[in-house]
Amino acid sequence: MPPSAIIGLRGDKTESIVTKLCTKARLTPTAICWTATSELYVGCEEGFLLLVDPESLSVSVLFNPTSVDALPELRQSNFQALALNKNGLIAVGKENVMHCLQIKGTQICITQTWQLEGPVTTVMYSPDYETLLLSSNMGQIYMLNPTQSEKTVKVLDVLSGNFVAAALLKSDKNICVSVRESGELQLWSADGFCLSSLSLQAEVTSLACCPIAQYAAIGTASGNVLFIDLNSEQQPRLVHQVHLYHRPVDHLVFDQEGHYLLTGASDSHIYVLNAKPSKRFSVIGYTVAPGPVLSLSTQCIRDLEQVNVLALCTGQEGKNHDGSLLTLLTLPARDLEGPDCVDRHGCLYNHMLKVSKYEVPHPLKSCVLGVSEVFAYCHRRKTLQRFQLPQDTDSLSSHQVAQLKPEQEVKGHPLGPASLVLSPHQLWLASVGHDGLLHIRETVSMEQYIELQCHSYRLGGVRSVSFSADSQTLLTAGCNDGSLVCINLRIKGLDASKVNKVTQYSQSMAFLKKIFSRENPVLIDLPEWGQESPEKPEENEVIVTATVDVTEEDESYNSLLLASPSLPTWLESRQEMIVQEDHKQYSETKKNLRKTMKEMRDIIQEMIRENEKAPENERLELQEFNLDVEEQKRLDAMVEQEVTRVRNEIELEILEKFYLRDVFKRECWDSMKVKGRAVKAFHSEHEVKNYPLKERTEKDLGDLRRVANMRMLEKAACTQITKEKSSNTTSVKEQEPREQGHEAESVAVTGSYSTQLGCSNPYLYNQFSLQTTEQKINQIILLQDTVYRVKTAFNAEFDAVHRQKVQEHSRIRDRNKQIREIMAELEMNEKLWEPNLDNSEWPERLFTVDDSEIKAEKYLDPEQKIEVEMKLAEQRRLAAKGDDSREKALDDMMDGVLEVKKEGFLKVEIPPPEFVLTKPDIQWSEEEKKVYKEYEKKSKELSAEKEKYKKSLETEMKKLQVSTKDATEKFDETLKKLFEKKIICEMAIYQEELKITYLVYSVHMEEVMRNREVELKLKLEKMLAYKDEIEEEVKKHEREVDLFHETYDSILAEDKVLDKEFRKEFFDVPRHVVDHLYKLFRRRPRVQKMRTQTDNNQNPFKQQSLCGSLAPDQLGNMLMAMEELDAQKNMPEGLNPMIWERFCLVRRTKVESEQKVRVKALALAEMQSFLQKRRDEDKDAQQEIKNLTDQLESLHKDKYRFLRDIMVQVLLKQGQVEVSHTDFTPDYSDSLLLHRTVVEDLNRTIRTLGEQKIAAMVETKDLRKGIIQLEWENKMKMMQIEDLKNKARDIQMLRLSDDQKEYLNKTDRDSRVSKQVSTVKQTIAFQEKTHLKGVEISQKKIKQLSRQAVMKAERSAVLDQEIHHFQVTVAEMRHIYQATASEENQVAKTEERYQEILQRRKLKDIARAQAEELVFLMAEVERLRMKNFPSLDQLKHN
């Protein structure tokens, strides 16, 4: 289905809307050109190249830079411009590269590449398609002839871009300098010609020209100040630069006599630089203004040798639009250099710099300083104001602010804001604004002014204005129009005072010329910045040098001019140098100070420790050890301020979290009818969760009631119809078993376990009866209600189990309490198992934060601290008084007869009598002994009672523990059953949700098909109407063509008649003359045809001419050529001139007729071509109608099949699914759903056939077993026969002795046996007699040996008595022998070792000799073997 049918849109613009909605990312076209086939090549900024067909509005992608096989040369380039020629497509990218692309289908290859000088935005071909014209938005135009050269030729280079500022040089040449936003500096002549330019490769923000040397100072956006030498008009050069800010330099101004150059920016620092080239433009120092500088102007007073500087400041750091604070700085014109003028950091001293501050009532936008007055522009009031400065400023300190009020206020520019400039001779005040107007006023009286429209207010008006040195010329720069306007002033009627001022100014100009002649040669001699290493800077100047080339656009030059924030400024470099010097100078002092501070810290810490050990009344407060109380107070105030800030932030954060908590609680907790919770088992990690439910809306309940009422009516109607159809009771009885069978199958047919759970909605449709969309929607509502019922039923059981868990937990806690009491009685120290309810089981606890959850220390205010300390003191007091006075009083009152509680029975002990501790046992009396016996008896009885009580306690404790274990295990079983119920509920819910998903899909597909059908019908109606219009047009054009064809046939026939009537026309002329005239009649002049293209032309587009425009030209050319043929010189000789004139007239008639026929033929061909196009359109429309009809029929078939193909969910047991599958989910696409009886019958048949087959197999097995047994018996008999034969053969071959032969030959075997028995008896009697004699001899030997043993024993006893004496003697003899025979033993050992060596030597010699003999014998054996048995190799050689 198309997206329009899925979305449900209808109408003519459906496809376009769907295309826009389905488009994920859009492309930005940047270039476009036509193809030869009337298609469009479109290049995009993202690097895509598209081919667009305007007729069918189809787009194909020719090049995709994100694809893997994309050309690397085009992947990083976008298409800035496109042009088409015969060889391919010319494409220009952003990398200053131009390619010629050959496109074949969707394949692109690069045939040629050109490297361009700069970026190009437009490319086009010349009319002859031989030269390419390229242009850029920077003002350059190039030409390229690809067939002749690969280099581009610059035709025109006009710098473009808006001007930032422009100023006139202080020289007689009347040359002005301008800078553009792109960093291009230009020199202009008086007549408007650009003399030269210099690319600074940096964003420019301000410009000022020096009055004492021919150079300009330029401020950049990176905080640099550049000094450009302008003496060479054709080649300006950069001679110096200094980095002052990390932000743009907004203001640059020279004083009138060229002493100083002052700079201003938004960081409130005003730097003073020496403007003389002889001083190398050194930085003198700086001062800090009370806010960002909005305007900066100077006024040099030669009489006082002062330079006044006026700065307009905002007074606030973040407010940079307008200001109301004027700061007047007074500098000496001379002697401002040296350590007496600036401090080590470069800041000007107060005695060298006089500061006066003034405040105006209304904020100002710009101001300019006069001799003793200030001219300002107030944008809020749209007025120009003049303020008179007070003469006596010595009484004002630098911190005091004086109030100024405007002495004169006149109307300003209608469209502000405006900027002001004062002329050098102080007579005129010029103002410009965004309205583009220039106002020139006299400073004495500002009411009257001259107004000039210099620039258009639509383009931003005027950005800057400046006077020339003689105050007679003004130069304005437009804001966004890129133009400069030069104005020459000719004001007449000046009074004497003004003439005097002009005269004084001219004298000062003569003074400046002397300085100019002295400083300008120094400027010329300065080397170009970066070409040579500059001289060593002065002590108070820090110069950052680098090697750059101004004329080349290399990266090092760009990075130098941009001066990234990582490079230090002049002030930062100076401060770093001071820090290094201070570190070197005071390193030893710092070391000593640190050491002294450490010693003092140790002493104070020791004093604090001693103070802590001192008594409380002698102890000092910790604050008394503080040496710097003011610093401590300052730090305390700072800490308190920081604490307040942090507290506010924390309170805001807490408030935000409270809001989020409330939102989450409202959305996820309060809105829930049933809160989500869980129940965990006691002895496992098993967990069961309930179903969180929201309250059903009124709309859902209303829909449910509506559907229930509808189904109730439908069921009642079906019941009534069934009763009417049932004619007798028999049919009803026959119907009942069917209904029962249907109810038995309802669980499987309904496709869900909700029926088993008893939660099914009674109004549910049968799955096989869902036909209409309304029924499906109603079924979805009923299924959702079933899901809700299942969840509700399970939640009820879950709540019961949860309550049981809570109750069981309470019982376990009570039992554990009793067990602890018993353990305390038994003095046992065992850890008890006590379960807890976690947050998932009791989620309400999440909204309560316990103190144990807070890890941070609780903050207490002083009142809370006092309250806590009072509570602790009260607890300690009660603990100190907590003795057993109450128990003692009770014991005294009861006279010692108070019954001991059973709980402390095990601790009861009977005290022994006093005499036991005071008297020994011997001194006890009879009475005391009786008392002691009574004491022992009571002690034994008490021990027995204790043991009995202890056993009862242990039994009770075990009983409680067993009870706890049984109860928890029983609860775990209950939870297990609940979990099984949860699984069944989950299955039922998923089954119902699956049915809902199927139904939603079915409803959606029906809607999609319905939308598609409506869309196709609408298209078919429009196409039929269009086809009817086309058929009418075709018929109309066919009639017109037929009429025109008849006209053409008549004209053609007339032309042929003219050809045939020629001879009849000249019947009075001789035949041979007529033949010659006929040849002339058929002759036609050659007309010069304009060829529009040649074979070598690169134009891919062919020029086509129309018959309507071509006919008059060709007829005119033909008639002009016929005049030459009609001349008298072409007349045949001897022909009458009257006949010749008649012949020319006939021939002209013939030529006009032929031309008319040709024009008619062309018109007829064009009409036939047009008619054929209309016929083709009619065929296309007919084909489109056929396609739409086919699509509609196919859609009807699909819709009918979809309505018949109902999705039914059936529950099957595991054994009822007989589909083979390899994945987790089987594929049922080619499966059949069969009734259970069919499968059971088939199984019964299979079982019967299986039993029959098994019986046949058993019978076959028994038969085969009998055959095998018979074969085995046969083989056994054959083997027995073979054994008997072998035995017979062995018997025949057996050799017998004489006795054996005699035995075998005698037949009377009984007599032989009796004889052998008598012989054996005689032998036995003889052996018994012999044995008795041997026994007697052995007994005699035993007796003899016994006697000998007795004698040996007596002798051994004697020897045992003598053995001690012998051992002593032997020991003495051993010592004597060892002392006397050690040397003899050594000699003997040496001799023995020598003999062993000799023997070993002899054995080696013998072995060597035997080895040699063995080798010899082996060689001899080998020789003899070779002699007797020659080898095969020898036989081969022989």
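Residues numbered from 1 in each chain as written. Predicted model: local features only at pLDDT ≥ 70, side-chain atom pairs only at ≥ 80, totals over all residues. Heavy atoms only, no water.

Engineer: Lay out the nonpolar core with the relevant residues and their values.
Structural biologist: Note on soluble globular proteins: their nonpolar side chains tend to be buried together. Core analysis: the largest hydrophobic core is formed by 29 residues, its most contacted members being Tyr215, Val225, Phe227, Leu244 and Tyr271. When residues of this core are traced back to their parent elements, those giving at least two are β18 (215-220), β19 (224-229), β20 (237-243), β21 (251-254), β23 (269-274), β24 (283-288), α4 (496-525) and α6 (570-613). The element contributing the most residues to this core is α4, with three residues. Residues Val253, Cys300, Ala311 and Leu348 belong to the second largest nonpolar core, which totals 24 residues. (Core = buried A, V, L, I, M, F, W, Y, C linked by side-chain atoms within 4.5 Å. Buried < 20%, exposed > 50% of the residue type's maximum accessible area, 1.4 Å probe, protein only. Helix = DSSP H or I, 4+ residues; strand = E, 2+ residues; numbered from the N terminus.)

Engineer: Tell me about the confidence of the model for the protein chain, and please be specific about residues and values.
Structural biologist: Chain-level statistics for the protein chain give a pLDDT mean of 81 and a share of 85% at 70 or above. The model gives residues 894-902 a pLDDT under 50, and that stretch makes five contacts with residues more than four places away or in other chains. (pLDDT = per-residue confidence, 0-100. Contact = heavy atoms within 4.5 Å.)

Engineer: An account of the packing of helix α12 (residues 773-826) against helix α16 (residues 926-1060) is requested, with residue identities and associated values reported.
Structural biologist: Look at α12 against α16: their axes get within 9 Å of each other, and the N-to-C directions meet at 165°. By the angle class used here, α12 and α16 are roughly antiparallel. Classified by chirality, the crossing of α16 by α12 is left-handed. By residue class, the composition of the contact of α12 with α16 is 27 nonpolar, twelve polar and 16 charged. (Axes fitted to C-alpha atoms, helices over the stretch in contact; angles between N-to-C directions. Parallel < 35°, antiparallel > 145°, perpendicular 65-115°, else oblique. Left-handed = near helix turned anticlockwise from the far one by under 90°. Nonpolar A, V, L, I, M, F, W, Y, C, P; charged D, E, K, R; others polar.)

Engineer: Can you explain the sheet that holds β24? Please cite residues and give values.
Structural biologist: Within a sheet, neighbouring strands are paired by backbone hydrogen bonds and run either parallel or antiparallel to one another. As summarised here, the arrangement of the four strands in space is β21-β22-β23-β24, forming an open sheet in which the pairing is antiparallel. In this open sheet, the two edge strands, each paired with only one partner strand, are β21 and β24. Strand-to-strand twist of the sheet, defined as the mean angle between neighbouring strand axes without regard to direction, takes the value 20°. Bridge analysis of strand β22 (residues 260-264) against β23 gives four bridges, and the strand direction is antiparallel. Within β23, the position partnered with Tyr260 by the bridge is Asn274. Relative to the sheet, α6 contacts β23 and β24, its axis offset from that of β24 by approximately 100°. (Pairing = 2+ DSSP bridges.)

Engineer: So what's going on with the pattern of salt bridges? Residues and values would help.
Structural biologist: As enumerated under the stated definition, the model contains 45 salt bridges in all. Arg463 is the partner of Glu181 in a salt bridge, and the nearest nitrogen-oxygen pair spans 3.5 Å. Linking Glu181 in the loop between β14 (176-180) and β15 (184-188) with Arg463 in strand β38 (residues 462-467), this pair joins segments that are 282 residues apart in sequence. For Arg463, a relative accessible area of 29% puts it in the partly exposed group. Of the charged contacts in the structure, one is a salt bridge between Arg1010 and Glu1007, with a shortest N-O distance of 2.5 Å. Note that Arg1010 and Glu1007 are positioned in helix α16 at a spacing of three residues, about one turn of the helix. One salt-bridge network, in which partners are shared between bridges, spans Arg344, Glu581 and Asp582. (Salt bridge = Lys/Arg side-chain N within 4 Å of Asp/Glu carboxyl O.)

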